[in-house]
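Spelled out from the first residue to the last, the chains are:
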Amino acid sequence: MAQVTLKGNPVQVEGELPKVLNIFPSVDTPTCATSVRKFNAQANDVANTVVLCISTDLPFAQARFCGSEGLENVKNLSDFRDSDFAVDYGVAIADGPLKGLTARAVVVLDENDNVLHSELVKEIAEEPNYDAALAVLK
């Protein structure tokens with residue numbers, strides 16, 4: 001929990017921001033799994049950072065993967081039910097073999113939800129630029 005002040009009086013703020021949104025098609029693919037592992041490891045080194053891993057995987061698959069890998073520094077969110085997130089954030093894959101899944105992207109937000117960095121990875125099979133995403137938080 002963070003603390004700010006209002007006219008000099010302490011006020012507690014719930015939440016841990018800035019957040020890193022790690023968006024990917026499925027945790028069951030090698031590149032997606034690597035991105036979750038790398039952000040998990042690197043989130044330890046950046047204060048006040050929460051990595052949200054968002055995919056269209058079932059929550060059970062996300063939990064299974066993170067549990068078996070011992071990943072504790074990421075939070076999983078599923079867009080499985082209605083894909084509103086994917087459409088609203090411009091990462092809904094509209095055609096091809098991955099139609100209905102989310103494209104690979106990284107969005108870094110500050111404590112006021114201002115976008116500090118965003119990357120829509122041009123090649124889905126490639127990893128995002130971790131250094132660029134985390135550099136804006138340091």
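Below, the structure is looked at part by part. (Residues numbered from 1 in each chain as written. Predicted model: local features only at pLDDT ≥ 70, side-chain atom pairs only at ≥ 80, totals over all residues. Heavy atoms only, no water.)

**Topic: the sheet that holds strand 5 (residues 74-78)**
If you walk across this open sheet you meet the 5 strands as 5-4-3-6-7, and the pairing is mixed. In this open sheet, the two edge strands, each paired with only one partner strand, are strand 5 and strand 7 (115-120). Pairs of neighbouring strands in the sheet enclose a mean axial angle of 15 degrees, with direction left out of account. Alignment of strand 3 (residues 19-23) against strand 6 (residues 105-109), held across 5 bridges, turns out to be antiparallel. Bridging across to strand 6, Ile23 finds its partner in Ala105. The sheet contacts of helix 1 (residues 30-43) involve strand 3, strand 4 (50-55), strand 5 and strand 6, and relative to strand 3 the element is tilted by about 165 degrees. Seen against the sheet, helix 2 (residues 59-69) touches strand 4 and strand 5 and runs at an angle of roughly 160 degrees to strand 5. (Pairing = 2+ DSSP bridges. Helix = DSSP H or I, 4+ residues; strand = E, 2+ residues; numbered from the N terminus. Axes fitted to C-alpha atoms, helices over the stretch in contact; angles between N-to-C directions. Contact = heavy atoms within 4.5 Å.)

**Some thoughts on the environment of Glu123**
Here Glu123 is to be found in the loop between strand 7 and helix 4 (130-135). For the pair formed by Glu123 and Ala103, sequence separation is 20 residues and the distance between their alpha carbons is 9.1 Å.

**Considerations on the pairing of strand 3**
Among the 5 residues that make up strand 3, 4 are buried, leaving the element largely enclosed by the rest of the structure. Handedness of the crossover is the feature at issue here: the chain leaves strand 3, passes through helix 1, returns alongside strand 4, and the resulting connection is right-handed. (Buried < 20%, exposed > 50% of the residue type's maximum accessible area, 1.4 Å probe, protein only. Right-handed = clockwise from strand over helix to strand, strands pointing away.)

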